[in-house]
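Below are the chains, spelled out letter by letter.
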Amino acid sequence: MDVQFLGTGAGVPAKFRNVSSVALKLLEERGAIWLFDCGEATQHQILHTNIRPRRIEKIFISHLHGDHIFGLPGFLGSRSFQGGESPLTVYGPTGIKSFIEVSLSVSKTHLRYPLHVVEIGEGIIFSDDQFTVVARKLDHGIESFGFRITEKDAPGVLQVERLREAGVAPGPIYKRLKAGETVTLVDGRVINGTDFLGPPVPGRTVSILGDTRVCPNSRALAESADLLIHEATFNKDQEKMARDYFHSTTAQAAATARDAGARALFLTHISSRYAKEAWPELEQEAKVIFPETMMAHDLLEFTVPRKSMEEQS
């Protein structure tokens, strides 16, 4: 479960920061990648990574400002031109369907894969046996959503040594026991696989917020998250400007992470008014409030850690 930042700037592309896009790599979990926002030139950023467009199975759009969607039509077309044939689903606010349809229609772009567009509201917008995604409205100039991606708990590790001590030889039966099945051995004994599994492995939670002022839903989405990705368009001294433009400061992002009990915070959506030399200061402003803060930059990759045994207990 890796996060890679494809664009970490605000508003317009800048020399060192492209506009918004985050890839959540779920290659081990489901052989797929999810994209969160798709600002202009996102597909150019992908060229500098090991991401294969056909692996992207879902795109979640937080809101319809250009710096979050202008890369979407180009990406959808390129995915088809490059041989992508597997289905792709786009989730986003009301209006995302017409934006995509008009863009593809006017440009005469034909997709070789099934494209599904889901216009979302609040609540669970996706769930299967591995992950659940919840969306909540944030406080921005237009409808803007934050997303909470929760990995479901995995079965515990099969206790192989205990099985061997019980005289159960390795083989295909181990797979059935790992799945928690009850099996009958050749000697007539009946063994329940759940009796030989360690404690469940807790799933991880990643919260990715769209543009927002400080609001209760930001904290709710970030509650006890293993990783919070929060916009920090302005520095701590620009609180009034942040409010006027429906954005957040470094300090406000850090306070949200602290109050929500998140484990780690990445600052993103950084205004181009802040030169590269100022980035360490922006990070430090947040660290004073929430020490586990990191400043995101384009192409940075981060593995979301699992809780340690001590944290699980």
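Data block above holds the structure.
Residues numbered from 1 in each chain as written. Predicted model: local features only at pLDDT ≥ 70, side-chain atom pairs only at ≥ 80, totals over all residues. Heavy atoms only, no water.

(A) A look at the overall build of the chain. Looking only at helices and strands, one finds twelve helices and 16 strands in the chain. In the chain, which comprises 313 residues, the proportion classed as buried is 51%. Per element, the accessible surface of the chain, about 14,500 Å² overall, is 53% carbon and sulfur. The distance from the centre of the 35 positive side-chain charges to the centre of the 39 negative ones in the chain is 4 Å. (Helix = DSSP H or I, 4+ residues; strand = E, 2+ residues; numbered from the N terminus. Buried < 20%, exposed > 50% of the residue type's maximum accessible area, 1.4 Å probe, protein only. Areas by Shrake-Rupley, 256 points an atom, 1.4 Å probe, with all protein chains shown as cover. Lys, Arg positive; Asp, Glu negative; His and termini not counted. Charge placed at Lys NZ, Arg CZ, Asp CG, Glu CD.)

(B) Highlighting the sheet that holds strand β8 (residues 131–137). One open sheet accounts for seven strands, arranged β7-β8-β9-β12-β13-β14-β15; its pairing is mixed. The sheet is open, and its two edges are formed by β7 (123–127) and β15 (293–295), each paired on a single side. On average, each strand axis in the sheet is tilted by 20 degrees relative to the strand beside it, whichever way the strands run. The pairing of strand β9 (residues 145–151) with strand β12 (residues 205–209) spans five bridges and is antiparallel. Looking at the pairing, Thr150 lines up with Thr205 of β12. The sheet contacts of helix α11 (residues 279–287) involve β14 (265–268) and β15, and relative to β15 the element is tilted by about 160 degrees. (Pairing = 2+ DSSP bridges. Axes fitted to C-alpha atoms, helices over the stretch in contact; angles between N-to-C directions. Contact = heavy atoms within 4.5 Å.)

(C) Here's a closer look at helix α10 (residues 250–260). With nine of eleven residues buried, α10 lies mostly within the body of the structure. For α10, every residue scored as buried is listed here: Thr250, Ala251, Gln252, Ala253, Ala254, Ala255, Thr256, Ala257 and Ala260. Against α8 (216–222), β13 (227–231), α9 (239–244), β14 and α11 lie the buried residues of α10. At the C-terminal side of α10, Gly261 shows a positive phi close to 70 degrees.

(D) Structural context of the side chain of Asp298. Here Asp298 lies in the loop between β15 and β16 (301–303). At 5.0 Å, Arg17 is the nearest oppositely charged side chain to Asp298, a buried residue that forms no salt bridge. Among residues more than four places away in sequence, those in contact with Asp298 are Phe5, Leu6, Gly7, Thr8, Phe16, Arg17, Asn18 and Gln45. (Salt bridge = Lys/Arg side-chain N within 4 Å of Asp/Glu carboxyl O.)

(E) Highlighting the packing of helix α4 (residues 72–81) against helix α5 (residues 96–106). Running from amino to carboxyl end, α4 crosses α5 at an angle of 60 degrees, the nearest separation of the two axes being 10 Å. Between α4 and α5, the crossing angle belongs to the class labelled oblique. α5 is crossed by α4, and the crossing has right-handed handedness. Every residue of α5 that contacts α4 at Leu72, Pro73 and Leu76 is listed here: Ile96, Phe99, Ile100, Ser103 and Leu104. Considering only residue class, the contact of α4 with α5 consists of seven nonpolar, one polar and no charged. (Parallel < 35°, antiparallel > 145°, perpendicular 65-115°, else oblique. Left-handed = near helix turned anticlockwise from the far one by under 90°. Nonpolar A, V, L, I, M, F, W, Y, C, P; charged D, E, K, R; others polar.)

(F) A look at the packing of aromatic side chains. In the structure shown here, the tally under the stated rule is ten aromatic pairs. With a centroid separation of 4.7 Å and 5 degrees between ring planes, the pair formed by Phe60 and Tyr91 is classed as stacked. With Phe60 in strand β4 (residues 56–60) and Tyr91 in strand β5 (residues 88–92), this residue pair connects regions lying 31 residues apart in the sequence. A relative accessible area of 0% places Phe60 in the buried class. (Phe/Tyr/Trp six-rings, centres within 6.5 Å; stacked < 30°, edge-to-face > 60°.)

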